[in-house]
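Now for the letters of each chain:
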Amino acid sequence: MSTTEKVIFEQFPYWEKAIELNSADDRAELLVFVGCGTSFNLALSLAAYANMAGRKAIAVPGAEWQNRPSAFWPEWRNTHVVALSRSGETTETVAAAKASRAAGAFVTAITVEPESSLAKNCDRMVAAETHPDEGIVMTVSASLMVLLGLQMIGQKVPASVVNSARQLASALDSALPGIIADRSHFVFLGGGPLFGVALEGALKLMEMSQIMTQAFHPLEYRHGPISLVDGKTVAVMLYSSDQREAETKLVGELREKGAVVIGVGGPGDLELAVDVDLSLAGLVVLPALQVLGERAAQARQIDTVSPRHLTKVVTLA
Ligand SMILES: N[C@@H]1[C@@H](O)[C@H](O)[C@@H](COP(=O)(O)O)O[C@@H]1O
């Protein structure tokens, strides 16, 4: 068993500890979720969840919020900036937090590094303990930051999500060999809060296996990208309960064109049950997507502990 695989499947006790933390916060109505890489993908998903819960939220990449906040939100003094960073050291995220505070915003840090620069430059820190063996590619900490972010915006995260996520990851893992064999073109589809999660599935696959892949809002995929679908395609459809009919129809079209479809929460060549509703699906599907990246990497004999060109933290001089 590879180290990454071990870490992915050992993440659930850390979820249980994070569920015990009370990160709920209704401090401000306006929320700006900020992060880089995986942490930005999570920010996108959390902003969508916050909007669905009646808050007003956007997600902005760290560097964009640091350098041109007015392109995203002209009135930013009253915002609550939520900076997500596993390391707490990513240059742009730390700079965005500092600039936000200097401008009068309240900054919450969601991290797994309570001694980090980000932790020292926030008004409130929400930190979980993560797996000590997590490598360069973010897995456990990504799940934990989504969990803490959901709790922060008032979503109750029941202990049962642990089993839901574990079962989904195992079910995908056992079915994968037959599904991805000889397939080299992957696409991830997800809408609403699942768009950020689809981006994260694609980023995991890229970082781990060096396969070029993309993510789209489901119905956007028909407007051009569908021309790429052929017998080499694997489409991962993250079904959302409120758009299931349209997404099912799209899946039918993709299969007709030669794609194999992993249906996460709905029909496909592989149909995986997701036993939570949309409000928790963004969290529950993450370990399964991490497993997919790792298995694709193993099929190409790539060691995901130290992927090429990547470092755990990107700091700019
Ligand atoms: N290679 C890593 C990514 O995997 C990670 O998503 C990003 C953000 O890291 P952090 O959450 O620590 O700010 O940093 C680097 O780019």
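What counts and how
- Residues numbered from 1 in each chain as written.
- Predicted model: local features only at pLDDT ≥ 70, side-chain atom pairs only at ≥ 80, totals over all residues.
- Heavy atoms only, no water.
- Near = heavy atom within 4 Å.
- Polar contact = N/O pair within 3.5 Å; in protein donor to acceptor, adjacent residues only side chain to side chain.
- Areas by Shrake-Rupley, 256 points an atom, 1.4 Å probe, with all protein chains shown as cover.
- Nonpolar A, V, L, I, M, F, W, Y, C, P; charged D, E, K, R; others polar.
- Buried < 20%, exposed > 50% of the residue type's maximum accessible area, 1.4 Å probe, protein only.
- Helix = DSSP H or I, 4+ residues; strand = E, 2+ residues; numbered from the N terminus.
- Arc of directions from axis to C-beta.
- Contact = heavy atoms within 4.5 Å.
- Pairing = 2+ DSSP bridges.
- Axes fitted to C-alpha atoms, helices over the stretch in contact; angles between N-to-C directions.
- Parallel < 35°, antiparallel > 145°, perpendicular 65-115°, else oblique.
- Left-handed = near helix turned anticlockwise from the far one by under 90°.
- UniProt positions renumbered as here; feature names shortened; annotations may be inferred.

Chemist: What's the story with the site of the ligand in this structure? I'm lost.
Modeler: As a matter of local geometry, the ligand sits amid 13 residues, with S39, S85, R86, S87 and T90 nearest to it. Backbone polar atom of T38 to an oxygen atom of the ligand: 2.9 Å apart, as the coordinates give it. Interatomic distance of 3.1 Å between a backbone N/O atom of T311 and a nitrogen atom of the ligand. The protein chains hide 93% of the 390 Å² of surface that the ligand would expose on its own. When its residues are assigned to classes, the shell around the ligand shows three nonpolar, seven polar and three charged.

Chemist: What is the right way to look at helix α2 (residues 12-20) in this model?
Modeler: Within an α-helix, residues lying three or four positions from one another point in the same direction, as the helix has 3.6 residues per turn. Here α2 has its buried residues at F12, Y14, W15, A18 and I19. All buried residues of α2 fall inside an arc of 145° around its axis, so they share one side. Contacts from the buried residues of α2 go to α1 (3-9), α7 (140-152), α8 (161-180), α11 (278-284) and α12 (286-299).

Chemist: How should the sheet that holds strand β5 (residues 124-127) be read in this particular structure?
Modeler: In any sheet, the strands associate via hydrogen bonds between backbone groups, in a parallel or an antiparallel arrangement. Taken in spatial order, the five strands of this open sheet run β2-β1-β3-β4-β5, and their pairing is parallel. The open sheet terminates on both sides in strands that have one partner only, identified here as β2 (56-61) and β5. This sheet shows a mean twist of 20° between the axes of neighbouring strands, independent of strand direction. As paired strands, strand β3 (residues 80-84) and strand β4 (residues 106-111) are joined by five bridges and run parallel to one another. Bridged to L84 within β4 is I110. Of the strands in this sheet, β1 (30-35), β3, β4 and β5 are in contact with α7, which crosses β4 at around 145°.

Chemist: Looking at this structure, how should I read the packing of helix α9 (residues 193-209) against α12?
Modeler: For any two helices packed against each other, one specifies the inter-axial angle together with the distance between the axes. Interhelical geometry of α9 versus α12 gives an angle of 25° and a closest axis separation of 8 Å. Viewed along their axes, α9 and α12 adopt a mutual orientation that is roughly parallel. You can see that α9 and α12 cross each other, and the crossing is right-handed. Here V197, E200, G201, K204, L205, M208 and S209 of α9 lie close against α12, whose contacting residues are L286, L289, Q290, L292, G293, E294, A296 and A297. Along the lines of polarity and charge, the residues of the contact of α9 with α12 split into eight nonpolar, four polar and three charged.

Chemist: Please clarify how the UniProt feature "domain: SIS" (unreviewed entry) in the protein should be interpreted in this entry.
Modeler: Residues annotated by UniProt as "domain: SIS" (unreviewed entry) correspond here to residues 21-160 and 168-302. Note that residues 168-302 is 47% helix and 18% strand, and that its end C-alpha atoms are spaced 24 Å apart.

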